[in-house]
Amino acid sequence: MPQVHASSRPKRWDHPFCNELSGAGGIDPSCILRILQFEPFCNMDEAGFRKSLSLRDILSNDTRIQRYEPGDLVVRSGDWGNSAFFVLSGQLRAEIERPGRSLPPETLGRKQPVHKTFLSSIARLWNKPEYGDSPSPEVQISSRQHGSQTRTFIQDLPTVLDEYRTSILSPGQWFGELSALGRTPRTTTVFAEEPAKLLEIRWQGLRDLMRFDKNAAVKTQIEDAFREHGLNEFLRNNPMFHDLDENELEALATQVEFRTYGEYDSPKPFKELAREGYENNFETEALIFEEGHYPNQALIVRSGLARMTVRHYHGHRTIGYLTAGQSFGLEEIVEGAGRELAVPYRSSLRAISFLSAVLIPTNAVERIVSQRPSEKNLKCTTSSGKLDKCSKSNGVPENLINFFVKNHYVQGTATMVIDLDRCVRCDDCVRACAATHDDVPRFVRHGPIYQNYMMANACLHCLDPVCMVECPTGAIHRHLENGHIVINEETCIGCAQCANNCPFDAIRMVPLTDQSGRVIVDQKSSSPLKQATKCDLCADQSGGPACQAACSHDALYRVEMSDFRQLEKRFKQ
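Just so it is clear, the model here is predicted, and its values are computed rather than measured.

(A) Fine view of the overall build of the chain. Looking only at helices and strands, the chain has 17 helices and 26 strands in total. Burial analysis of the chain (573 residues in total) assigns 51% to the buried set. For the chain, restricting intrachain contacts to residue pairs at least 6 apart in sequence, the fraction spanning at least 24 positions comes to 76%. Here the chain displays about 27,800 Å² of accessible surface, and carbon together with sulfur accounts for 48% of that area.

(B) Region of the structure containing the nonpolar core. Ranked by internal contacts, the top residues of the largest apolar core, which has 60 residues, are Phe41, Trp174, Leu206, Phe404, Met455, Ile476 and Phe571. The dominant element in this core, judged by the number of residues it contributes, is helix α6 (residues 203–212), at five residues. Among the nonpolar cores identified, the runner-up in size contains 23 residues, and Leu235, Leu244, Ile300 and Val365 belong to it.

(C) Main features of the pattern of salt bridges. Applying the stated criterion across every chain, the model contains 23 salt bridges. When the shortest N-O distance is used, the salt bridge between Arg211 and Asp208 registers 3.7 Å. With Arg211 and Asp208 both in helix α6, this residue pair falls three residues apart, about one helical turn. Measuring nitrogen to oxygen at the nearest pair gives 3.7 Å for the salt bridge that ties Glu331 to Arg346. You can see Glu331 sitting in helix α10 (residues 330–336) and its partner Arg346 sitting in the loop between α10 and β17 (348–361), a full 15 residues away along the chain. The partly exposed category is assigned to Glu331, whose relative accessible area is 27%. Classification of Arg346 by relative accessible area gives partly exposed; the value is 38%. One network of salt bridges, with partners in common, ties together Arg12, Asp62, Arg202, Arg207, Asp208 and Arg211.

(D) Region of the structure containing the sheet that holds strand β3 (residues 73–75). Within the open sheet, the four strands sit side by side as β3-β10-β5-β8. Their pairing is antiparallel. Sheet topology places β3 and β8 (166–169) at the edges, where each strand pairs with a single neighbour. Taking each pair of neighbouring strands and ignoring which way they run, the sheet shows an average axis angle of 30°. Where strand β5 (residues 92–95) and β8 come together, four bridges link them in antiparallel fashion. Among the inter-strand pairings, Glu95 is bridged to a residue of β8, identified as Thr166.

(E) Focus on the sheet that holds strand β20 (residues 453–455). The sheet built from four strands is open, its strands ordered β19-β20-β18-β26 with antiparallel pairing. Of all the strands in the sheet, the pair left with one neighbour each is β19 (449–450) and β26 (556–560). Pairing of strand β18 (residues 414–419) with β20 involves three bridges; the strand directions are antiparallel. Among the inter-strand pairings, Asp419 is bridged to a residue of β20, identified as Tyr453.

(F) Fine view of the packing of aromatic side chains. A full pass over the atoms with the stated rule returns nine aromatic pairs. Centre to centre, the rings of Phe38 and Phe86 are 5.9 Å apart; their planes meet at 90°, and the pair counts as edge-to-face. Here Phe38, found in the loop between α1 (29–35) and α2 (55–61), pairs with Phe86, found in strand β4 (residues 83–89); they are 48 residues apart in sequence, far enough to count as distant. By relative accessible area, Phe38 is classed as partly exposed at 26%.

(G) Geometry of helix α8 (residues 246–253). Those residues of α8 that fall on the buried side of the exposure criterion are Leu249, Leu252 and Ala253. Down the axis of α8, the buried set is contained in an arc of 100°. They therefore lie on one face. At the N-terminal end of α8, a side-chain oxygen is found 3.2 Å from the backbone nitrogen of Asn247, two or three residues along, and the residue is Asp245.

(H) Expanded view of helix α14 (residues 428–436). Of all the residues in α14, the buried ones are Cys429, Val430, Ala432, Cys433 and Ala434. In this fold, the buried residues of α14 make contact with α16 (546–550) and β26. Once α14 finishes, Asp438 follows within two positions and takes phi at roughly 55°, a positive value.

(I) Spatial organisation of the confidence of the model for the chain. Confidence along the chain averages 79 in pLDDT terms, with 82% of residues attaining 70 or more. Taken together, the stretch residues 128–137 has pLDDT below 50 and engages in zero contacts with residues farther than four places along the chain or on a different chain. Contacts of residues 379–393 to residues separated by more than four positions or lying in other chains number 31 contacts, the stretch itself having pLDDT below 50.

(J) Main features of the environment of Gln531. One can find Gln531 in strand β25 (residues 530–533). For Gln531, a relative accessible area of 12% corresponds to the buried category. With 21 residues separating them in the primary sequence, Gln531 and Val510 have C-alpha atoms 5.6 Å apart. Not counting residues within four places of it along the chain, the set of residues in contact with Gln531 comprises Glu489, Cys492, Gly494, Arg508, Met509, Val510 and Leu512.

(K) Structural context of unusual backbone geometry. The peptide bond linking Glu39 to Pro40 adopts the cis configuration, its omega dihedral lying at 10°. If you check the backbone angles, Ala216 has positive phi at about 50° while not being a glycine. With respect to the secondary-structure elements, Ala216 resides in the loop between α6 and α7 (217–237).

(L) Region of interest: the side chain of Asn457. By secondary structure assignment, the location of Asn457 is in the loop between β20 and β21 (476–478). In this view, Asn457 contacts Phe443, Val444, His446, Gly447, Pro448, Phe504, Asp505 and Ala506; residues no more than four positions away in its chain are not counted.

(M) The environment of Leu108, seen in detail. Within the fold, Leu108 resides in the loop between β5 and α3 (118–123). Owing to a relative accessible area of 4%, Leu108 belongs among the buried residues under this scheme. Expressed as a C-alpha distance, the spacing of Leu108 and Leu73, which sit 35 residues apart in the sequence, is 8.1 Å. Dropping the residues within four chain positions of it, Leu108 is found in contact with Leu73, Arg76, Leu103, Ile141 and Thr189.

(N) Fine view of the environment of Ala434. With respect to the element layout, Ala434 can be found in helix α14. The sequence separation of Ala434 and Cys547 amounts to 113 residues, and the corresponding C-alpha distance is 9.2 Å. Sequence-distant contacts of Ala434, that is, excluding residues within four places in its chain, are made with Asp439, Val440 and Pro441.

(O) How the structure looks around the state of the cysteines. Overall, the coordinates contain zero disulfides when judged by the stated rule. There is no disulfide at Cys495, and the cysteine sulfur nearest it, in Cys471, is 6.0 Å away.

About the cut-offs
- Throughout this description, residue numbers start from 1 for each chain and increase along the sequence as written.
- Residues qualify for local features only when their pLDDT is at least 70, as the model is predicted, and side-chain atom pairs are given and counted only at 80 or more; totals for whole chains, interfaces and linings, by contrast, use all residues.
- Where side-chain values are given, they derive from all heavy atoms of the structure, hydrogens and water being excluded.
- Strands here mean DSSP runs of E at least two residues long; helices mean DSSP runs of H or I at least four residues long; both are numbered from the N terminus.
- Think of it in three bands: residues with accessible area under 20% of the maximum for their type are buried, residues over 50% are exposed, and the middle band is partly exposed, with areas taken using a 1.4 Å probe on protein chains only.
- Whether two residues touch is decided by their heavy atoms; if any such pair falls within 4.5 Å, the residues are in contact.
- All accessible areas in this document rest on Shrake-Rupley with a 1.4 Å probe, and a residue is counted as covered only by the protein chains that are shown.
- Nonpolar cores were defined as sets of buried Ala, Val, Leu, Ile, Met, Phe, Trp, Tyr and Cys residues, with membership established by side-chain atoms within 4.5 Å.
- Any Lys or Arg side-chain nitrogen found within 4 Å of a carboxyl oxygen on Asp or Glu counts as a salt bridge.
- One bridge is not enough; two strands pair if DSSP finds at least two bridges between them.
- To define axes, lines are fitted to C-alpha atoms, for helices over the stretch in contact only, and angles between the resulting N-to-C directions are given on a 0 to 180 degree scale.
- Whether two aromatic rings pair depends on their centres lying within 6.5 Å, for rings of Phe, Tyr and Trp, where Trp uses its six-membered ring; planes under 30 degrees apart make the pair stacked, over 60 edge-to-face, and the rest tilted.
- Working definition: the arc comes from the directions between the helix axis and the C-beta atoms, pointing outward to the latter.
- In protein, a polar contact requires one atom able to donate a hydrogen and another able to accept it; more generally it is a pair of N or O atoms within 3.5 Å, and residues adjacent in sequence count only if both atoms are side-chain atoms.
- Every residue gets a pLDDT, meaning the predictor's confidence in that residue, from 0 to 100.
- Note that a disulfide, as used here, is simply two cysteine sulfur atoms within 2.5 Å.

Here you go:
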């Protein structure tokens, strides 16, 4: 029996977007012709696209047609977005209430997570809940079949429209592109008011439409729509402006500016960018604000990634990163408000690849501060800034903070720590990981070391997962509800872009094997076919991460980067 299994190498469009959802409409040539009659598609320059990545191929493989009935939920606020929508026909409603006044999670079919106790888990074995628990009387949703799909819909649509403020979405409008391109949760709930047909496009396809169209038709339309409709919504959902009333918000919206920086093409792998980040001149990154200059504006990131640097000898040193929702320059403006001399920017800000942001003029910030003295407490919400505050107030060692910043752990939400004083190098953790994942361990016991602690090369489930940026198929994505970074084994083609972009060496390329255990090789080159794999936090295991449970010496544990008390407890000397 041969020891290998020859197969063709997977390609980007082996699994078109329409195949990922049962019942979704495919895109045939006649459908593409109809789509190309809509603006902005009719204004795009097809000649600018690559032969192997043509406009029609993108529309054919990265989009799908979705049909909705009145009341159907299309997207829910809080879900993680991996795609955008273009309205082909029909009318939809987008809820525009402020957080706290919006549709309750139960109304949208989202249950609050309940952590079971040991006894409740045991009791569940003989006390199974009846199928289809009766909803509370306030719940206004139900589900129905649409072809082979199960759709959630709002039963009492007129009541919802009466009680909550909404805006109309009509044919020719986009929605969902902000979270799709920014890799962030959706901020608005959208539902159909009448029968509607939508073109759903996964974010890789949308990125390529914006990247290769020399006329910038899609890019211009999306940015203009944001300036016209989305800016108020962006400000309304930003915690910084929760105290402003509607009139003040509208006045502020007339003063702020929406701007984009950089290109969608990444000049080099993100891993390389991160490794260069400690000292570099960053000539390829668009400079937004410069250290020492007068603070003309504050900035809030809408999507993308920005780098904060300070001068260091003849170059610059990275001190932190900004992701969607974080701000720059506010601290200096607030501190300098009312003073004779302004406080200059304490660091420089650069755009890494493509960045979109909202700029607020200094006089607008000063006006808010003068009207609301409590706004004096506004702080620059950078990850490194939070850690600095943590260090000063909670006693986390400053050397540890510097270690986290230098190694870019501030981008992560959690890291796997191994106490080397307790670890006996038995590798039970690695074997437990392999046993849980088809004999393929998702991490290696290796990584940077701080004193007696090793930060293992395991996925940190980053705030801004740059591993997703150049995935051609969308195989690596956020889980819709819990936000964990996961890999779809069906659509991963083994291109290794995610592994190259991961700054933490947390994604491994492993050889594929068939059911008989034979290594699958490329039928042309005979080289092994590989697939990306990484820690998934054992999301499908009721007992949590298997590696942690297998360690009998309590040497391995996960540390939440945002939990300062946990950091203090684990690392305080």
